[in-house]
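Structural overview
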Amino acid sequence: MCSSDLTNHIAVDLNREPKFISKTTRFFTMGSCFARNLAKSLRNSGYMAQHMEISEYINTTFANRVFVDWLRGVEIDPAIRDRIAELLPAGWSKENMLQIIKVADVFILTLGVAPAFFDRATGDFVLPRPSALNSRVLAEKYRYRTTSVQENVDNVLYLIDFVRSVSPGIKIIVTVSPVPLLASFEYESAVQADCLSKSTMRLVAHEVVNNSNVSDIIYWPSFEVFRWAGSNASNFYAADDGAAWHVTEEKVAGTIKAFVDMFSAA
């Protein structure tokens, strides 16, 4: 898919948006593993891009929210606090993270999945250690459920409010990860669970961008590129390593090129 295909048929409404990208634009991405791919592709294209490299386990808005509370110094569940500390890569700290957000010009938030784990007794969000528990124990110990659109909208607005408190003038781009669920503890069919999950997150993106009065924010349809346009092409997934849940790096790069072409002021 070339840039003109995307801008003429998928991101048509964005053609009227002002240009905001130059070679000095600093990007910060957060969210699912797809956000990491976006940051990598931006860097390969010569742009300054940092991804909050923590873990693929931090791929729900609930995990994003407790991570923000951790950054703010808010008192959170000690088990989650310790889990976040375990997942942080070497060299990362609260101070480092806050500085990256402060100097960024564009914040790309990629929404991952809707299902999450919750404590069966309290209903509180939990961040378990899958490596220490097999699937059956996880399902028995915690409740795994698909969260609602409104719950996720509230979490995303909380996250945006935090980012804007650190960097008031930052532009916000919302995307939805096309990476599918591999398994579900809630439904027998992971395919149906994934459809429900992604439909939920796409609605979350719509509500946040269009109905929440957040300024200087747009939705970039990378999800539609892979899941709708990509459904008609065999090389949007698995071309690199044969894994059907891995998006093809070449296609990610093409999506980023279209994004840069559309919004570049150069």
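Shown above is the structure to which this text applies.
The present account deals with the structure reproduced in this document. (Residues numbered from 1 in each chain as written. Predicted model: local features only at pLDDT ≥ 70, side-chain atom pairs only at ≥ 80, totals over all residues. Heavy atoms only, no water.)

1. Re the overall build of the protein chain
Helix and strand counts for the protein chain come out as ten helices and seven strands. Evaluated residue by residue, the protein chain yields a buried proportion of 50% over its 266 residues. Counting only contacts in the protein chain whose residues sit at least 6 apart along the sequence, the fraction spanning at least 24 positions is 72%. With an accessible surface of roughly 12500 Å², the protein chain has 50% of that area assigned to carbon and sulfur atoms. (Helix = DSSP H or I, 4+ residues; strand = E, 2+ residues; numbered from the N terminus. Buried < 20%, exposed > 50% of the residue type's maximum accessible area, 1.4 Å probe, protein only. Contact = heavy atoms within 4.5 Å. Areas by Shrake-Rupley, 256 points an atom, 1.4 Å probe, with all protein chains shown as cover.)

2. Digging into the pattern of salt bridges
Going through the model one piece at a time under the given rule, you end up with seven salt bridges. The residue aspartate 161 makes a salt bridge to arginine 72 at a minimum N-O spacing of 3.4 Å. With aspartate 161 in helix H7 (residues 149-166) and arginine 72 in helix H3 (residues 61-72), this residue pair connects regions lying 89 residues apart in the sequence. The exposure class assigned to aspartate 161 is partly exposed, which follows from its relative accessible area of 49%. Among the salt bridges present, the one from arginine 81 reaches aspartate 82, with a minimum N-O distance of 3.5 Å. In this structure aspartate 82 comes out as partly exposed when scored by relative accessible area, which is 37%. (Salt bridge = Lys/Arg side-chain N within 4 Å of Asp/Glu carboxyl O.)

3. A closer look at the packing of H3 against helix H5 (residues 94-103)
Viewed as axis vectors pointing N to C, H3 and H5 meet at an angle of 105°, and their least axial separation amounts to 9 Å. With respect to their mutual orientation, H3 and H5 come out roughly perpendicular. Where H3 abuts H5, its residues Phe67, Trp70 and Leu71 lie against Lys94, Met97 and Leu98. In terms of residue class, the contact of H3 with H5 is made up of five nonpolar, no polar and one charged. (Axes fitted to C-alpha atoms, helices over the stretch in contact; angles between N-to-C directions. Parallel < 35°, antiparallel > 145°, perpendicular 65-115°, else oblique. Nonpolar A, V, L, I, M, F, W, Y, C, P; charged D, E, K, R; others polar.)

4. Digging into the packing of aromatic side chains
Tallied over the full model, the rule gives twelve aromatic pairs. Note on phenylalanine 67 and tryptophan 70: the rings are 5.5 Å apart at their centroids and 25° apart in plane angle, and the pair reads as stacked. Of this pair, phenylalanine 67 and tryptophan 70 both sit in helix H3, three residues apart, which is roughly one turn of the helix. In this structure, phenylalanine 67 and tryptophan 70 share a single accessibility class: buried. Here phenylalanine 117 and tyrosine 142 contribute two aromatic rings whose centre-to-centre distance is 6.3 Å and whose plane-to-plane angle is 70°, an arrangement assigned as edge-to-face. Of this pair, phenylalanine 117 sits in strand E4 (residues 115-119) while tyrosine 142 sits in strand E5 (residues 142-146), and the two are 25 residues apart along the sequence. Per residue, the accessibility class of phenylalanine 117 equals that of tyrosine 142, and both read buried. (Phe/Tyr/Trp six-rings, centres within 6.5 Å; stacked < 30°, edge-to-face > 60°.)

Coordinates in, geometry out; function isn't part of it.
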